[in-house]
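Fold and contact review
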Amino acid sequence: MSVAKPLPHDSGPLHVSGRARYIDDVPLPANTLHLAFGLATVAHGEIASMDLSAVRAAPGVVAVWTAEDLPFANDVSPSVHDEPMLATGTVHYVGQPVFLVIAESHLQARKAARLGRIDYRERPAILTVDQALAADSRFEDGPVIWEKGAAEAAIAAAPHVIEGRFDMGGQEHFYLEGQAAFALPAEGGVVVQSSTQHPTEIQHKVAEALGLSMNAVRVECRRMGGGFGGKESQGNALAVSCGLVAHLTGRPAKMRYDRDDDMVITGKRHDFRIEYRAGVDETGRILGISFRHLVRCGWSQDLSLPVADRAMLHADNAYLLENVRIESHRLKTNTQSATAYRGFGGPQGMLGIERAMDHIAHELGLDPLALRRANYYAEAPGASPPDPQSISTTKKQTTPYHMEVEDFILHAITDRLEAASDFAARKAAVATWNAGNAILKKGIALTPVKFGISFTLTHLNQAGALVHVYQDGSIHLNHGGTEMGQGLFRKVAQVAASSFGVDIATVAITATDTGKVPNTSATAASSGSDLNGMAVKAACDTIRGRMAEFLAREHQTIPAKVHFENGRVFVGGDEIGFAEAVARCYEGRVSLSSTGFYATPKVSWDRKAGRGRAFYYFAYGAAVSEVVIDTLTGENRILRTDILHDCGASLNPAIDIGQIEGGFVQGAGWLTTEELVWDDRGRLRTHAPSTYKIPACSDRPRIFNVTLWDGENREETIYRSKAVGEPPFMHGISVFSALGAACAACGPHFPDLQAPATAEAVLAAVKRARGAA
Amino acid sequence: MSKIHVTTKVNGDDVEFLADPRESLLDCLRDKLDLTGAKEGCGTGDCGACSVSLDGTLVCSCLVLGVEAQGKTIETVEGMAQDGDLHPLQRKFIEHAALQCGFCTPGILVAAKNLLERNPDPTETEIRYWLAGNLCRCTGYDKIVRAVQDAAAEMRGAA
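Structural notes, computed from the coordinates. Treat the numbers as computed from the prediction; the structure is a model and nothing was measured.

Focus: unusual backbone geometry
Residue and element names in this part refer to chain A. Residue Pro756 is reached from Ala755 by a cis peptide bond, and omega for that bond is 0°. Topologically, Pro756 is positioned in the loop between helix H18 (733–744) and helix H19 (759–769). Positive phi values are uncommon outside glycine, yet Ala525 reaches one of about 55°. With respect to the helices and strands, Ala525 occurs in the loop between strand S20 (512–513) and helix H15 (528–554).

Right under this line is the structure:
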């Protein structure tokens, strides 16, 4: 069987030789037009006058369009039609596209785009959560509130009340390949190539903009140079622009953002302020807790509501909360429209309670890990021996949104990770080090992750596939998922190869194409292999079933006695090669092509009420990180990280470990070096890698051990695997927690470390720990 | 602006092209020579995706003018495989799963090859700091470092 093998990425040989083509590498027809946006320079204002004569007169410029020139829908919103592609009268953030330049070359378009003269009647800009709250600038009428039990009463009656407030920054995706699209005019419509996680949405938005039905637009995506959520909706504007220009001029059109434009125009991870108030008993057991999430959503809605929902859905992380209240404010500000980013709000919600845990432990003088374990959900039966410290397993345990937790395995994972990482001894060594060193202080922390798998918009939990077996025995595979480096195509090809019992080389992987598989969901929410793997399996099973029936009839046996293995087909007592079996089926007029479809079972969720089974299952894991800080400069390093992560029965251990390592480093980056800075005029000042620092090779932990948990998914997922894209991102929280512990080693006070823990933030926390105001 | 005739050697082949004097070497490689292995990740010399070797020096080709290549020798990722055989670094990157989206991979391979030409037996720290100018957003770098170490060991053994 091909599944469970650590096969390399399918594009590996192309990647290493520079032959893997991304949008910008595709050879262009000679008459291709190149596009660039002219951008707003104020955060909020009405356009008083616009003089684009210099833009039109610039070398190579073919045309310049504003909102009035667009023939049909001027909208690139993925949700509620509140995001014009080109500004209409008012601009809402610095960087908002106002006009579109169409030129003969990429550089000509970009240079001309800087020549627009726009006068604005400036309006007060709302930039911060405080300003937004004061102005009641928000999406939806008021905050969303979910409650289970009676949080306020429980907190009031608790022996100890710990409360705090902290800010966590957003995050730039920094996919190495910037946003890009290309469109060719076609009979009756256009063909679009887009670097997108969501080809169907590109198709939908392009069709709307062209006044065509969806069947006139075909969208293709072979691969992205990274996505991370940043290509779920943020590529719409480029693809729509290219589609429009190709359709209206009859010439091919291409658009790509330069890195600075990309960072200035596109949305990022939502930054949050989280206020928490916990009532706890002497042992640290949480009796009641309330959270207030202040979410900075930016100027348009984009995906902010489900992102903020998912933050609420992860406010409990691994902990059973009997009395809990979560209040979420989705604030509208004059900044980039914050969007999907790996974890989709989950990391922010989870960091809220992990921070509260560290705060409670500090105030009560408890061991942070013992405190965490005392509040864990109870272990699922059979996962490990019952923990005497844990909450009684006899009672049905539910999340704050009333979903029963049936698959909890973090007690066992934590046990094993504690042992494997030598946690207790290292914690003692850290304490010894800190007692003997005044300048360099160390910290160590273990943090758990429980992450819900499913789209919370239930209807998105579906997928389609198209499989052809050609008469020579080769297999052509297509499905609705997109490849952004995560290895999805390889995993899904393994599923197809396993179904037919053939070598992986027999399966040709092809570009995602809305003409082959329609109505796909975004490759997002970690769902790629869960959904598309099942859809492909369904298609393969159909073809295999037809083959088995025919071959059984030929050999006068029953279909159940036909087996596909090692490139052979065993029929009753006979054995033939797969290709020969296929040829016989072809000659026997058996259909060798099939679609496949999958809809995730069991999920049912009422987001308004905050009730129901939002997720098919949970993915689990835990991480231990040890860090050192320099108390004179705030500089910090990760010395060692150990991760134990649950991918169920892994479809491909090499790819899954890669996801875990990469996710962790990205999560650690979010909470350490990656700082987004807007000035008081709403201008993003960190719009290039010179000022925005993602982790580099030298930042990776000195010692880095990643292990897969060897269980299988209790639910019937594809070969009992679990989704892996997002959950490991949140292991980065262990670094933040360890940094907090290192700061706390500097003095008696709670250091109140803010995120990201840049050198400046660490230094400030060290001072607070020592008692400075 | 009039264009300048540039004669240079790329991956062992003599090539010539006409370049606007303001055009970057990266754009010349990609647009005039169809060598799209080097990528534009930032255009400011911070990400390393456009790394090539210029007369043996590792450079960000987005910060070099095309006309500066006159009379020089350029090596890009497309020249690493010899007669269809992958370079040990290329093979080890595949074997160690040291790539995901692949966009940074050509630049990292060129940088790593340049390191091993100077220092056939680098320490892990030397590899980490040499590659610190090449950003990767997907892998977390661990497998990249291991792949370089493994390739270096193989190349030392083969030498």
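Here the narrative resumes.
Examining empty space enclosed by the protein
Going through the model one piece at a time under the given rule, you end up with ten cavities of 30 Å³ or more. Taken as a whole, the largest cavity holds about 180 Å³ of empty space. In this structure, the largest cavity is lined by 16 residues; those nearest its centre are Val76, Glu83, Tyr93, Ala237 and Ile265 of chain A. Partitioning the lining of the largest cavity into residue classes produces nine nonpolar, six polar and one charged. What the second largest cavity holds in volume is close to 130 Å³. If you go around the second largest cavity, you meet 15 residues; those closest to its centre are Glu177, Gly178, Arg256 and Tyr257 of chain A together with Glu40 of chain B.

What about the packing of aromatic side chains?
All names here are of chain A. Counting across every chain of the model gives 19 aromatic pairs over all chains. One aromatic cluster is present, formed by Trp146, Tyr319, Tyr376, Tyr377, Tyr401, Phe408, Trp605, Phe615, Phe618 and Tyr620 through successive ring pairs. Lying over the aromatic face of Phe618, Lys450 brings its terminal NZ or CZ to 4.4 Å of the ring centre. Geometry around Tyr719 places Lys537 over its ring, the cationic atom sitting 6.0 Å from the centre.

A few points about the nonpolar core
Membership of the largest hydrophobic core comes to 203 residues, with the highest contact counts inside it found for Phe578 of chain A together with Phe93 of chain B. Counting residues in hydrophobic clusters, the runner-up holds 36 residues, among them Ala67, Leu86, Ala181 and Val190 of chain A.

Considerations on the layout of surface pockets
By volume, the largest pocket is sized at about 1500 Å³. His106 and Leu107 of chain A together with Glu23, Asp27 and Asp31 of chain B are, among the 43 residues lining the largest pocket, the residues nearest its centre. Looking at the lining of the largest pocket, the elements that each hand over two or more residues are helix H3 (106–113) and strand S12 (253–256) of chain A together with helix H1 (25–32) of chain B. The leading source of residues in the lining of the largest pocket is H3 of chain A, at six residues. Across the lining of the largest pocket, the residue classes tally to 13 nonpolar, nine polar and 21 charged.

Details of helix H17 (residues 653–671) of chain A
Note on helix geometry: an α-helix contains 3.6 residues per turn, so any two residues three or four positions apart are oriented the same way. Under the 1.5 Å per step criterion, the end-to-end length of H17 of chain A is 27 Å for 19 residues, consistent within 8% with the ideal 27 Å. H17 of chain A sits mainly inside the fold: 18 of its 19 residues count as buried.

Focus: the pairing of strand S9 (residues 180–186) of chain A
All names here are of chain A. In the sheet, S9 pairs with S12 via four bridges, with the strands oriented antiparallel. Across the sheet, Ala183 pairs through a bridge with Ala253, a residue of S12. As paired elements, S9 and strand S10 (residues 189–194) share six bridges and run antiparallel to each other. Note on S10: the bridge partner recorded for Ala183 is Val192.

Focus: the interface of chain A and chain B
On the side of chain B, 43 residues touch chain A, which itself brings 50 residues to the contact. Counting the surface lost from both chain A and chain B, the interface buries some 3900 Å², and carbon and sulfur atoms represent 55% of this. Of all residues in chain A, the largest losses of buried area upon contact with chain B belong to Val16, Leu176 and Cys697 of chain A, amounting jointly to 20% of the total for that side. Seen at the junction of chain A and chain B, the total is eight salt bridges. Arg30 of chain B is the salt-bridge partner of Asp24 of chain A, the closest N and O atoms lying 3.1 Å from each other.

Quick word on the pattern of salt bridges
For the structure shown, the criterion picks out 73 salt bridges over all chains. Here Arg607 of chain A makes a salt bridge to Glu140 of chain A, at a shortest N to O gap of 3.3 Å. Residue Arg607 of chain A is located in the loop between strand S25 (604–606) and strand S26 (611–613), and its partner Glu140 of chain A is located in the loop between helix H4 (129–135) and strand S7 (144–148); the two are separated by 467 residues in the primary sequence. In this structure, the salt-bridge partner of Lys113 of chain B is Glu75 of chain B, at a minimum N-O distance of 2.8 Å. In this pair, Lys113 of chain B sits in helix H3 (residues 105–118) while Glu75 of chain B sits in strand S5 (residues 73–75), placing the two residues 38 residues apart along the sequence. Of the residues examined, Lys113 of chain B reaches a relative accessible area of 16% and is grouped as buried. For Glu75 of chain B, a relative accessible area of 30% translates into the label partly exposed.

Conventions we followed
- Residue positions are counted from 1 within each chain, in the order its sequence is given.
- Here every chain gets a letter starting at A, and every ligand a number starting at 1, in the order they are written.
- Only residues with pLDDT of at least 70 are given local features in this predicted model, and only at 80 or more are side-chain atom pairs given and counted; all residues enter the totals for whole chains, interfaces and linings.
- Side-chain metrics in this entry use all non-hydrogen atoms of the structure; hydrogen atoms and water are not considered.
- Working definition: helices are DSSP H or I runs of at least four residues, strands are E runs of at least two. Numbering for both runs from the N terminus.
- In this analysis a 1.4 Å probe is tested at points of a 1 Å grid over the protein atoms alone, and where it fits but cannot get out there is a cavity; an open set with protein on both sides within 12 Å along at least five of seven lines is a pocket; lining residues have an atom within 4 Å of a point.
- Grid points are joined across faces, edges and corners, and a volume is the space filled by probe spheres set on the points.
- Residue classes follow a fixed rule: Ala, Val, Leu, Ile, Met, Phe, Trp, Tyr, Cys and Pro count as nonpolar, while Asp, Glu, Lys and Arg count as charged, and any other residue, Gly among them, counts as polar.
- Only Phe, Tyr and Trp rings take part, Trp by its six-membered ring, and two of them pair if their centres are within 6.5 Å. Stacked means planes under 30 degrees apart, edge-to-face means over 60, and tilted covers everything else.
- Sitting over a ring, as applied to charges here, requires NZ of Lys or CZ of Arg to be within 6 Å of the ring centre and within 35 degrees of the ring normal.
- Residues belong to a common nonpolar core when they are buried Ala, Val, Leu, Ile, Met, Phe, Trp, Tyr or Cys residues joined through side-chain atoms within 4.5 Å.
- The buried label goes to any residue with under 20% of its type's maximum accessible area, the exposed label to any with over 50%, and the partly exposed label to all in between, with areas taken from a 1.4 Å probe on protein chains only.
- Every helix has an expected span of 1.5 Å times one less than the residues it contains.
- By the convention used here, strands pair only if DSSP detects at least 2 bridges between them.
- By definition in these notes, contact holds between two residues if any of their heavy atoms fall within 4.5 Å.
- Simply put, the buried area is the total loss of 1.4 Å probe accessible area from both parts when two parts are fitted together.
- What counts as a salt bridge is simple: a side-chain nitrogen of Lys or Arg found within 4 Å of a carboxyl oxygen of Asp or Glu.

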